[in-house]
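Below are the chains, spelled out letter by letter.
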Amino acid sequence: MNFRIGHGYDVHALGDGLRLVIGGVEIPHSKGCIAHSDGDVLVHAICDALLGAAALGDIGKHFPDTSAEFKGIDSLLLLGRVVALLNKEGYQIANIDSTIAMQRPKLRPYIDLMRERIAETTGLSVEQVSVKATTTEHLGFEGEEKGVSATAVCLIKSF
């Protein structure tokens, strides 16, 4: 069996009055992500980790922000397409571990639902999906509430 590790990172600026979607969950907040899609920074980082593990490029290669097809799209749909691509290439996901960096709002109340939505989309059990959140103690663009970032690592295996 062939195991491969992938790493993903994404960042979005925050703007007033926009929807905030993280991990497939809409979170009430005065700011949301400025993006071509729904701006789901966590799901985008997971997509990049999975694509990277299989050496299939990145999210921009498969879902360019210049395409009208992806304008406002639910990022969980993109994740589903990434999983289908991995399966076509002979890979399945073993696990996903991810971290969101954002000063406000507190994300703990939404993490279990994020894990469920990601697990459902990827065909994993909730126990195979880890989502963590952290603040940056008011440092950097996340701490100044100018943006949000997410990192993800994954393990895939051939079948």
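Throughout, residues of each chain are indexed from 1 in the direction in which the sequence is written. For this predicted model, a pLDDT threshold of at least 70 governs which residues receive local features, and a threshold of 80 or more governs which side-chain atom pairs are given and counted, while totals over whole chains, interfaces and linings are taken from all residues. Each side-chain value is worked out from all heavy atoms of the structure, with water and hydrogens disregarded.

Asker: Can you help me understand the overall build of the protein chain in this one?
Answerer: Labels follow the DSSP assignment, with helices taken as runs of H or I lasting at least four residues and strands as runs of E lasting at least two, numbered in each case from the N terminus. What the protein chain contains, in helices and strands, is five helices and seven strands. Only the C-alpha atoms count toward the radius of gyration. The rule for a globule is 2.2 Å times the residue count to the power 0.38. Its C-alpha atoms give the protein chain a radius of gyration of 15 Å, near enough to 15 Å, the size a compact globule of 159 residues would have. The C-alpha extent of the protein chain, read off along each of the three principal axes, is 45 × 35 × 25 Å. When burial is assessed residue by residue, the protein chain has 49% of its 159 residues classed as buried. Note on areas: Shrake-Rupley, 1.4 Å probe, and residue coverage restricted to the protein chains presented here. Surface summary for the protein chain: the accessible area is close to 7600 Å², and the carbon and sulfur share equals 53%. Each residue is assigned to one of three classes by its accessible area relative to the maximum for its type, calculated with a 1.4 Å probe on protein chains only: buried under 20%, partly exposed between the two thresholds, exposed over 50%.

Asker: Looking at this model, I keep getting lost on helix α3 (residues 75-88). Mind explaining?
Answerer: The α-helix winds at 3.6 residues per turn, so residues separated by three or four positions along the chain end up facing the same way. Here the expected length of a helix is defined as 1.5 Å per residue gap, with one fewer gap than residues. With 14 residues, α3 extends 20 Å between its outermost C-alpha atoms, agreeing within 8% with the 20 Å of an ideal straight helix rising 1.5 Å per residue. Here α3 has its buried residues at S75, L76, L78, L79, V82, V83 and L86. Taken around the axis of α3, the buried residues stretch over an arc of 150°, which confines them to a single face. Opposite the buried face of α3, at more than 90 degrees from it, the exposed residues are L77 and K88. Contact between two residues is taken to exist if any of their heavy atoms lie within 4.5 Å; hydrogens are not considered. Those residues of α3 that are buried lie in contact with α1 (41-53), α2 (59-62), β5 (91-101), α4 (108-122) and β7 (147-158). Looking at where α3 begins, the residue whose side-chain oxygen comes 2.8 Å from the main-chain nitrogen of L76 is D74. G90 occupies a position one or two residues after α3 and carries a positive phi of about 90°. What the arc describes is the spread of directions from the helix axis to the C-beta atoms. Contacts described as polar in this section are N or O atom pairs within 3.5 Å, which, within protein, must combine one atom able to donate a hydrogen with one able to accept it, while residues neighboring in sequence count only if both atoms come from side chains.

Asker: Explain the environment of I93 to me, please; I cannot follow it from the model alone.
Answerer: Mapping I93 onto the fold places it in strand β5. Residues I93 and I156 lie 63 residues apart in sequence; the distance between their C-alpha atoms is 4.3 Å.

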